[in-house]
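Commentary on secondary and tertiary structure
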Amino acid sequence: MLERIRRKLREEGGFTLIELVMVIVILAILLALALPQYLQTRRKAYLAEAQENLQEMRTAAWLVYVEKNSFSPPEPPSPTTNWSYAYGTCTGAGPCTMTATGRAGTPVAGATVTVVLSNDGSASVTSSGF
């Protein structure tokens, strides 16, 4: 009788518990290798979104400066899903500061990206909270 049960199990050809555990272990290793790269790529995409909109703000502020020889910022762009935008100090001939702030409830909440535009056209970019 025991021999008949063993023969029937071999004929059905299912997976053993060890084979299933090995597959799960391999998948966990692959996930552990891929997850950090995915998170880094996602972070770069969020940062690129903020920098792209800040570049538009920088161009608009520079065009105003070239025309009037003084910073007086135009309207900032509308907030996106992840970021809110604002001009900081942008008066007279001093530097003009533009900031993207991560919106609450998004993956970039609490993060900031700041661009400082000098009256010679040069700009510096800083980010924090990532």
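All values reported here derive from a predicted model rather than from experimental measurement.

1. Considering the overall build of the chain
For the chain, the helix and strand inventory stands at two helices and four strands. In sequence order, the chain lays out its α and β elements as α-α-β-β-β-β. Here the C-alpha radius of gyration of the chain, 28 Å, is well above what a compact globule of 130 residues would show, namely 14 Å. Expressed as lengths along the three principal axes of its C-alpha atoms, the size of the chain is roughly 100 × 25 × 20 Å. Every one of the 130 residues in the chain was classed for burial, and the buried ones make up 22%. Relative to all contacts within the chain whose residues are 6 or more apart in sequence, the contacts with residues 24 or more apart total 38%.

2. Things to note about the side chain of Thr114
Topologically, Thr114 is positioned in strand S3 (residues 112-117). In this structure, Thr114 is in contact with Thr97, Met98, Thr99, Ser124, Val125 and Thr126, ignoring residues within four places of it in sequence.

3. Observations regarding the nonpolar core
With 20 residues, the main nonpolar core has Leu54, Trp83, Tyr87, Cys96, Met98, Ala100 and Val113 as its most contacted residues. Mapped onto this core, the elements with two or more residues apiece are helix H2 (17-68), strand S1 (83-87), strand S2 (96-102) and S3.

4. What to know about a positive patch on the surface
A cluster of like positive charges, contributed by Arg4, Arg6, Arg7, Lys8 and Arg10, occupies part of the molecular surface. Mapped onto the elements, Arg6 comes out in helix H1 (residues 2-12).

5. With respect to H2
Compared with the 76 Å implied by 1.5 Å per residue over 52 residues, the 76 Å span of H2 between its first and last C-alpha is a close match. Where H2 bends most, at Ala34, the angle is about 30°, and the proline Pro36 comes one to four residues later. All of the buried residues in H2 are Tyr46, Leu47, Ala50, Asn53, Leu54, Met57, Ala61, Val64 and Tyr65. Contacts from the buried residues of H2 go to S1, S2, S3 and strand S4 (123-128). At the exit of H2 stands Asn69, carrying a positive phi of roughly 55°.

6. Regarding the pairing of S3
Note that S2 and S3 share six bridges and pair antiparallel. Note on S3: the bridge partner recorded for Met98 is Val115. Looking at chain direction, S3 and S4 are connected through six bridges and run antiparallel. Within the sheet, the bridge partner assigned to Thr114 lies in S4 and is Thr126. The turn joining S3 and S4, which pair antiparallel and follow one another in sequence, is formed by five residues; a positive phi near 95° is taken by Gly121.

7. Regarding the sheet that holds S1
Paired through backbone hydrogen bonds, the strands of a sheet run either parallel or antiparallel to each other. Spatial strand order, S1-S2-S3-S4: four strands in an open sheet with antiparallel pairing. Strands with a single pairing partner mark the edges of an open sheet, and in this sheet they are S1 and S4. The sheet shows a mean angle of 15° between the axes of neighbouring strands, taken without regard to direction. Its contacts with the sheet put H2 on S1, S2, S3 and S4, and the angle it makes with S1 is roughly 25°.

8. Observations concerning a nonpolar patch on the surface
Together, Leu17, Val21, Val23, Val25, Ile26, Leu27, Ile29, Leu30 and Leu33 give the surface a local cluster of nonpolar side chains, amounting to about 870 Å² of exposed area. Following the sequence through the fold, Val21 ends up in helix H2. Val21 gets classed as partly exposed once you look at its relative accessible area, which sits at 41%.

The rules behind each value
Residues numbered from 1 in each chain as written. Predicted model: local features only at pLDDT ≥ 70, side-chain atom pairs only at ≥ 80, totals over all residues. Heavy atoms only, no water. Helix = DSSP H or I, 4+ residues; strand = E, 2+ residues; numbered from the N terminus. Rg over C-alpha atoms; globule rule 2.2 N^0.38 Å. Buried < 20%, exposed > 50% of the residue type's maximum accessible area, 1.4 Å probe, protein only. Contact = heavy atoms within 4.5 Å. Core = buried A, V, L, I, M, F, W, Y, C linked by side-chain atoms within 4.5 Å. Patch = residues over 30% accessible without salt bridge, like charges linked within 9 Å, V, L, I, M, F, W, Y side chains within 5 Å. Areas by Shrake-Rupley, 256 points an atom, 1.4 Å probe, with all protein chains shown as cover. Salt bridge = Lys/Arg side-chain N within 4 Å of Asp/Glu carboxyl O. Lys, Arg positive; Asp, Glu negative; His and termini not counted. Charge placed at Lys NZ, Arg CZ, Asp CG, Glu CD. Expected span 1.5 Å × (residues − 1). Bend = angle between axes of the 7 residues up to and from the residue. Pairing = 2+ DSSP bridges. Axes fitted to C-alpha atoms, helices over the stretch in contact; angles between N-to-C directions.

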